[in-house]
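An overview of the molecular structure
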Amino acid sequence: MFQDLNALPEDSILGLMGKFRADLSRDKVDLGVGVFRDEAGNTPVLECVRRAEAQILRDQTTKSYVAPAGRAEFNALVQSLVLGDQHPVIAGNRSRTVQSPGGCGALRLGAELIKAAAAQSVVQVSDPTWGNHLPLLGGAGLKLQRYPYYDAATHQLKFDAMMEALERCNPGDVVLLHACCHNPSGADLSPPQWGAVLSLLQRRRLVPFLDLAYQGFGEGRDADAYGVRLLSGELPEALVAVSFSKNFGLYRERVGALIAIGGDPAKADAMQSHMLQIARSIYSMPPDHGAAVVAGILSDAAQRQLWEAELGQMRGRIQSMRRLLAATLRQKSGSGRFDFIQTQHGMFSLLGIPAPLVLRLREQHHVYMVPDGRMNIAGVTPQNVGYLAESILAVLNP
Ligand SMILES: Cc1ncc(COP(=O)(O)O)c(C=O)c1O
């Protein structure tokens, strides 16, 4: 059966990790993999997480199954964190939340739910977008189309072109939107732009699918949820895929959630029944540990305060490395052409150079980034920023 199966090409990010490990240069800089790093280059376990884990170890009495929906208290806390306590959707009992294996699990669950409801609907995906969006949504059998979003060469959001493309969509189509910290561009919609997107979705009867993987990494916990709260409050239906990989540093524990918002409580119940059946048919039940950690932190005032402080430190480090990299490039190049790095949000920005120059950066300067020129700003440190800026300018002006 499997003798004719050909090996697939290596995943570009995982391949890059291997090459970085094998590189013996002392100057090497890793801007590839999308994980937060502290100044020492480590991806730490947060102190609030350590404390929550210690408590779980002390208190846990069973490893018996939880449920296809995961932990009920986790799901309730996630809704409040994402939508805010006073949100009309919660007051109107129109949302149902299901714990998922990471944000990826939530995206796939959402895609399968869309397929169950309207298999012919097209999902509009930003160009560019995070590479895994395409297999996660397309793998469910949905048709995908791209809408223009960002021009890497000029570092500009293509907002007008985006709106024109969405204007041409058919009612019932789904629009995948990065809620904040757009991956890979770092270019986010402003509040007025979110307002314009809302009017368009209302007028064209399109359904938003919001991907919230970096809440708290951009401008703050509430500011980063602006678009999610606006759209889900004003539209009859919405899906929100939530990830706690980055903002709780729980990458390998696989913890996330899908929030499904329906037109009324009965519609929301119907959506939930499908979500549970889909979960059951793919992985049965989500892993528990990460969700127990998140629920433990969010339900305890002191722990929550500690988390907010640690999240603020991660955000502050990314923001200060953005400023430092932009300033160093400005000083060494004598131009403001890289100032966009300072104003963008979250972990990523696109350097905006062609793939052969990205390759030259790696081969000649030991600077690693994804072939599209995506830089993980959390890989920048005060120690490597000078070398990094000189390397970038060397490949641009050989
Ligand atoms: C845009 C975006 N969405 C979703 C995810 C989901 O992450 P995870 O499945 O690790 O929670 C990521 C992770 O890199 C991401 O960048």
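Residues numbered from 1 in each chain as written. Predicted model: local features only at pLDDT ≥ 70, side-chain atom pairs only at ≥ 80, totals over all residues.

On to the overall build of the protein chain, then. If you tally the helices and strands in the protein chain, you get 15 helices and 13 strands. Here the protein chain has a C-alpha radius of gyration of 21 Å; the compact-globule value for 398 residues is 21 Å, and the two agree. The principal-axis extents of the C-alpha atoms in the protein chain amount to approximately 65 × 55 × 55 Å. Going through the 398 residues of the protein chain one by one, you find that 45% of them count as buried. (Helix = DSSP H or I, 4+ residues; strand = E, 2+ residues; numbered from the N terminus. Rg over C-alpha atoms; globule rule 2.2 N^0.38 Å. Buried ≥ 20, exposed ≤ 12 C-beta atoms within 10 Å, placed from the backbone.)

Right, let's get into the site of the ligand. Lining the immediate surroundings of the ligand are 13 residues, of which Gly102, Gly103, Cys104, Ser243 and Ser245 lie closest. The dominant element in the shell around the ligand, judged by the number of residues it contributes, is helix 5 (residues 102–117), at 3 residues. Broken down by class, the residue content of the shell around the ligand amounts to 4 nonpolar, 8 polar and 1 charged. (Near = placed C-beta within 6 Å. Nonpolar A, V, L, I, M, F, W, Y, C, P; charged D, E, K, R; others polar.)

In a regular helix each residue adds 1.5 Å, so 12 residues correspond to 16 Å; helix 3 (residues 72–83) covers 17 Å between its end C-alpha atoms and thus fits that length. The complete set of buried residues in helix 3 reads Phe74, Asn75, Leu77, Val78, Gln79, Leu81, Val82 and Leu83. Following helix 3 by one or two positions, Gly84 has its phi on the positive side, about 90°. (Expected span 1.5 Å × (residues − 1).)

This paragraph deals with the domain arrangement of the protein chain. In terms of domains, the protein chain is made up of domain 1 (12–45 + 308–396) and domain 2 (65–299). Averaged C-alpha coordinates put domain 1 and domain 2 at centres separated by 28 Å. Taken together, the contacts link 21 residues of domain 1 with 21 residues of domain 2. Ranked by the residues each element gives to the side of domain 1 that touches domain 2, the list is headed by helix 12 (residues 301–333), at 4 residues. Grouping the constituent residues of the side of domain 1 that touches domain 2 by class yields 11 nonpolar, 7 polar and 3 charged. (Domains from an automatic or database assignment. Contact = placed C-beta atoms within 7 Å.)

The next subject is unusual backbone geometry. Each neighbour pair has its own omega, and for Asp127 with Pro128 the value is 5°, a cis peptide bond. Along the chain, Pro128 falls in the loop between strand 3 (122–127) and helix 6 (133–138). In this structure, the amide linkage connecting Asn183 to the following residue, Pro184, adopts the cis form with an omega of 25°. Within the secondary structure layout, Pro184 lies in the loop between strand 7 (174–178) and helix 8 (191–204). Of note, His155 is a non-glycine position whose phi angle comes to about 60°, a positive value. Note on placement: His155 falls in the loop between strand 5 (150–151) and strand 6 (156–157). Residue Ser284 is not a glycine yet carries a positive backbone phi of 70°. Turning to its location among the elements, Ser284 is positioned in the loop between helix 10 (265–282) and helix 11 (289–298).

This brings us to the sheet that holds strand 9 (residues 238–243). Ordered in space as 2-10-9-8-7-3-4, the 7 strands form an open sheet in which the pairing is mixed. The open sheet is flanked by strand 2 (95–100) and strand 4 (143–148), the only strands paired with a single partner. Direction aside, neighbouring strands of the sheet carry axes that sit 20° apart on average. Bridge analysis of strand 8 (residues 207–212) against strand 9 gives 4 bridges, and the strand direction is parallel. Across the sheet, Phe209 pairs through a bridge with Leu239, a residue of strand 9. (Pairing = 2+ DSSP bridges. Axes fitted to C-alpha atoms, helices over the stretch in contact; angles between N-to-C directions.)

Turning to helix 14 (residues 355–365), a few remarks are in order. Since there are 3.6 residues in each turn of an α-helix, residues three or four apart along the chain are aligned in direction. For helix 14, the set of buried residues is Val358, Leu361 and Arg362. Viewed along the axis of helix 14, the buried residues span an arc of 90°, placing them on a single side of the element. Residues of helix 14 that are exposed and point more than 90 degrees away from the buried face comprise Pro356, Leu359, Glu363 and Gln364. Packed against the buried residues of helix 14 are strand 12 (367–368) and helix 15 (385–396). Positive phi shows up at His366, right after helix 14, with a value of about 60°. (Arc of directions from axis to C-beta.)

Membership of the largest hydrophobic core comes to 103 residues, with the highest contact counts inside it found for Val82, Leu212, Val240, Leu258 and Val294. With 8 residues, helix 12 is the single largest residue contributor to this core. Two domains share this core, each providing at least three of its residues, namely domain 1 (12–45 + 308–396) and domain 2 (65–299). Those residues within four positions of Leu258 in sequence are excluded, and the remaining contacts are Val98, Ser100, Ala106, Leu109, Gly110, Leu239, Ala241 and Met275. (Core = buried A, V, L, I, M, F, W, Y, C linked by C-beta atoms within 7 Å.)

Here 6 bridges tie strand 3 to strand 4, and the two strands are oriented parallel to one another. Bridging from a neighbouring strand, Gln124 pairs with Gln145 of strand 4. The β-α-β motif built from strand 3, the intervening helix 6 and the parallel element strand 4 has right-handed crossover chirality. (Right-handed = clockwise from strand over helix to strand, strands pointing away.)

This next bit is on the packing of helix 12 against helix 15. Pairs of packed helices are described in terms of their axes, by the angle between the two and the distance that separates them. Where helix 12 meets helix 15, the closest approach of the two axes is 9 Å, and the angle between their N-to-C directions is 55°. The orientation of helix 12 relative to helix 15 falls into the category oblique. The handedness of the crossing between helix 12 and helix 15 is right-handed. Residues Leu324, Leu325, Thr328, Leu329, Lys332 and Ser333 of helix 12 touch helix 15, and the partners they reach there are Val385, Gly386, Ala389, Glu390, Ile392 and Leu393. (Parallel < 35°, antiparallel > 145°, perpendicular 65-115°, else oblique. Left-handed = near helix turned anticlockwise from the far one by under 90°.)

Where helix 2 (residues 47–59) contacts helix 12, the axes come no closer than 8 Å and their chain directions differ by 150°. Comparing the axis directions of helix 2 and helix 12 gives the class roughly antiparallel. Residues Glu47, Cys48, Arg51 and Ala52 of helix 2 touch helix 12, and the partners they reach there are Gln303, Leu306, Trp307 and Glu310. Of the residues assigned to the contact of helix 2 with helix 12, the class counts are 4 nonpolar, 1 polar and 3 charged.

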